[in-house]
Amino acid sequence: MTQPEDIIDEGAEHKTWKGKLWGVVKVILIILVTGGLLYWVFSKVPFAKIKYRLVHADRAWLAAAIACYVGSMLFSSWRLLSYFKSIGLRLDWRFNLRLYFLGLCYNVLLPGGIGGDGYKIYLLHKRYNLPTKKVFWAILFDRLSGFWAIGAIVVGLVILIPSFPYHLGWPLGIVSVGSVIYYFVARKFFKEYTHNFLQAHLKAIGVQSMQLLTIVCLLLAQDFNGKFAPYLLSFLFSSLAAIIPFSLGGGGIRDALFLTLARQFNLAEDMAVYLSFGFYLISIIVALFGVYYVLVPKRLDAGLKKGEEPKMENHPIEE
């Protein structure tokens, strides 16, 4: 098994001085953006209010929120496995899950560096001589399925908001037409990555549904008895912004947008920031599960018997 530090060192050897400089600048920018946005958010909503909500939240519902988030990561790992199968890469589900959590940890520990996706691309290329481009596209389509799932669920939530200013036919039509175009473009130009298209996108719905349940649990931890839909809709929109790779795990960006949307929907601002910041803390806690595999990378293959090792098929297999 390749050691993580070897991967980082090897990658550094091939970087030009400009690449190394940009790597340092990018990390500094990420820290500044995250810190600046959090500073702005807490200048609008005092951190003391958020701390009070977190400290006095119902512990059982907080535990349920963490469990739901872990569930979303299990779905997410399972979804990625579908795309790996599409390109003929047969990974044991245990190895894939461990690699996924290791990637989550890298996203927290190495902002702007190799990152979780970069680690997976490098490792799978190194082990199976698989073209990095192939793994990259598999991971990219995995992310695109997440975008699609958010859009589909947003339309469902819009129906529950009576003050929505447009006819429901507009969002339904946009998502429907967009989905058809998305599928046929993928089928036409990236056919290899669509062998498990339907099941991967159903798993994407599972990922976002579990994350919405995480927000519901955080709300219930505050003895909430209002309307869930506006908070859930705001969370989904903020999740889209959090994908921008210029913050630490989406921190700051999600909070700033959630706060902005809270004002548009006339939501309690401290509740909105509590939800976004609470979700951010949970994501960090769960990502740190991967520290074990950073410290003991050989455990990625633990428990795999002969014949269960990850392998590369000669041709993609349709299911």
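The model shown is predicted, which means the values in this text are computed figures rather than measured ones. (Residues numbered from 1 in each chain as written. Predicted model: local features only at pLDDT ≥ 70, side-chain atom pairs only at ≥ 80, totals over all residues. Heavy atoms only, no water.)

### Details of the overall build of the protein chain
Part 1 of the reasoning: A count of helical and extended segments in the protein chain gives 13 helices and two strands.
Part 2 of the reasoning: For the protein chain, the proportion of its 319 residues judged to be buried stands at 46%.
Part 3 of the reasoning: Contacts in the protein chain between residues far apart in sequence, at least 24 positions, make up 78% of those at least 6 positions apart. (Helix = DSSP H or I, 4+ residues; strand = E, 2+ residues; numbered from the N terminus. Buried < 20%, exposed > 50% of the residue type's maximum accessible area, 1.4 Å probe, protein only. Contact = heavy atoms within 4.5 Å.)

### Thoughts on the environment of Ile253
Part 1 of the reasoning: Considering the arrangement of structural elements, one finds Ile253 in helix α11 (residues 253-264).
Part 2 of the reasoning: For the pair Ile253 and Ala241, spaced twelve residues apart in sequence, the C-alpha separation works out to 6.6 Å.

### Regarding a nonpolar patch on the surface
Part 1 of the reasoning: On the surface, a nonpolar cluster with roughly 500 Å² of combined accessible area is contributed by Leu21, Val24, Val25, Ile28, Leu29 and Leu32.
Part 2 of the reasoning: Turning to its location among the elements, Leu29 is positioned in helix α2 (residues 17-44). (Patch = residues over 30% accessible without salt bridge, like charges linked within 9 Å, V, L, I, M, F, W, Y side chains within 5 Å. Areas by Shrake-Rupley, 256 points an atom, 1.4 Å probe, with all protein chains shown as cover. Salt bridge = Lys/Arg side-chain N within 4 Å of Asp/Glu carboxyl O.)

### Brief notes about the packing of helix α7 (residues 132-158) against helix α9 (residues 197-220)
Part 1 of the reasoning: Orientation of α7 relative to α9, taken along the N-to-C sense of each, is 60 degrees, at an axis distance of 8 Å. Relative to α9, the element α7 is oriented oblique. When you trace α7 past α9, the crossing you get is right-handed. Seen from α7, the contacting residues are Ser145, Gly146, Trp148, Ala149, Ile150, Ala152 and Ile153; seen from α9, they are His201, Ala204, Ile205, Gln208, Ser209 and Leu212.
Part 2 of the reasoning: Tallied by class, the residues present in the contact of α7 with α9 amount to eight nonpolar, five polar and no charged. (Axes fitted to C-alpha atoms, helices over the stretch in contact; angles between N-to-C directions. Parallel < 35°, antiparallel > 145°, perpendicular 65-115°, else oblique. Left-handed = near helix turned anticlockwise from the far one by under 90°. Nonpolar A, V, L, I, M, F, W, Y, C, P; charged D, E, K, R; others polar.)

### Focus on the side chain of Ser239
Part 1 of the reasoning: Considering the arrangement of structural elements, one finds Ser239 in helix α10 (residues 229-242).
Part 2 of the reasoning: The residues touching Ser239, leaving out its near neighbours within four places in the chain, are Ile150 and Arg254.

### Brief notes about unusual backbone geometry
Part 1 of the reasoning: Positioned with a positive phi, Asp223 is a non-glycine residue whose angle comes to about 55 degrees.
Part 2 of the reasoning: By relative accessible area, Asp223 is classed as exposed at 68%.

### Points about the packing of α7 against helix α8 (residues 169-189)
Part 1 of the reasoning: Where α7 meets α8, the closest approach of the two axes is 9 Å, and the angle between their N-to-C directions is 160 degrees. Considering the angle they form, α7 stands roughly antiparallel to α8. Note on packing geometry: the crossing formed by α7 with α8 is left-handed. Here Phe141, Leu144, Ser145, Trp148, Gly151, Ala152 and Val155 of α7 come into contact with α8, specifically with Pro171, Leu172, Val175, Ser179, Tyr182 and Ala186.
Part 2 of the reasoning: When grouped by side-chain class, the residues that make up the contact of α7 with α8 number ten nonpolar, three polar and no charged.

### Observations regarding the pattern of salt bridges
Part 1 of the reasoning: Counted according to the given criterion, the structure contains five salt bridges.
Part 2 of the reasoning: Between Asp142 and Arg79 there is a salt bridge; the shortest N-O distance is 2.7 Å. Of the two residues, Asp142 is situated in helix α7 and Arg79 in helix α4 (residues 59-86); the sequence distance between them amounts to 63 residues.
Part 3 of the reasoning: A salt bridge links Lys134 to Glu192; its shortest N-O distance comes to 3.1 Å. With a gap of 58 residues between them, Lys134 in helix α7 and Glu192 in the loop between α8 and α9 connect regions that are remote in the sequence.

### Let's talk about α8
Count 3.6 residues to each turn of an α-helix, and residues three or four apart come out pointing the same way.
Part 1 of the reasoning: The terminal C-alpha atoms of α8, which comprises 21 residues, lie 30 Å apart, in line with the 30 Å expected from a rise of 1.5 Å per residue.
Part 2 of the reasoning: If you check which residues of α8 are buried, you get Pro171, Ser179, Tyr182 and Ala186. All buried residues of α8 project into a common sector of 70 degrees when viewed along the axis, lining one side. Exposed residues pointing more than 90 degrees away from the buried face of α8 are listed as Trp170, Val177, Phe184 and Lys188.
Part 3 of the reasoning: On its buried side, α8 packs onto α7 and α9. (Expected span 1.5 Å × (residues − 1). Arc of directions from axis to C-beta.)

### Digging into the side chain of Thr214
Part 1 of the reasoning: By the secondary structure assignment, Thr214 is in helix α9.
Part 2 of the reasoning: Given the relative accessible area of 0%, Thr214 is considered buried.
Part 3 of the reasoning: A polar atom in the side chain of Thr214 sits 3.2 Å from the backbone nitrogen of Tyr69. (Polar contact = N/O pair within 3.5 Å; in protein donor to acceptor, adjacent residues only side chain to side chain.)

### Points about the confidence of the model for the protein chain
Part 1 of the reasoning: Averaged over every residue, the pLDDT of the protein chain is 80; the share at 70 or more is 81%.
Part 2 of the reasoning: Scored below 50 in pLDDT, residues 315-319 shows 15 contacts in the model against residues more than four places distant or in partner chains. (pLDDT = per-residue confidence, 0-100.)

### Examining the packing of aromatic side chains
Part 1 of the reasoning: A full pass over the atoms with the stated rule returns 20 aromatic pairs.
Part 2 of the reasoning: Consider the rings of Tyr182 and Phe197, whose centres lie 5.5 Å apart with planes at 50 degrees: the pair is tilted. Taken together, the residues span a long stretch of sequence, with Tyr182 in helix α8 and Phe197 in helix α9 at a distance of 15 residues.
Part 3 of the reasoning: Phe197 sits in the buried class, given a relative accessible area of 14%.
Part 4 of the reasoning: On the numbers, 4.9 Å between centres and 70 degrees between planes, the contact of Tyr183 with Phe197 is edge-to-face. Linking Tyr183 in helix α8 with Phe197 in helix α9, this pair joins segments that are 14 residues apart in sequence.
Part 5 of the reasoning: Among the aromatic residues, those joined into a ring-pair cluster are Phe136, Trp137, Phe141, Phe190 and Tyr193. (Phe/Tyr/Trp six-rings, centres within 6.5 Å; stacked < 30°, edge-to-face > 60°.)

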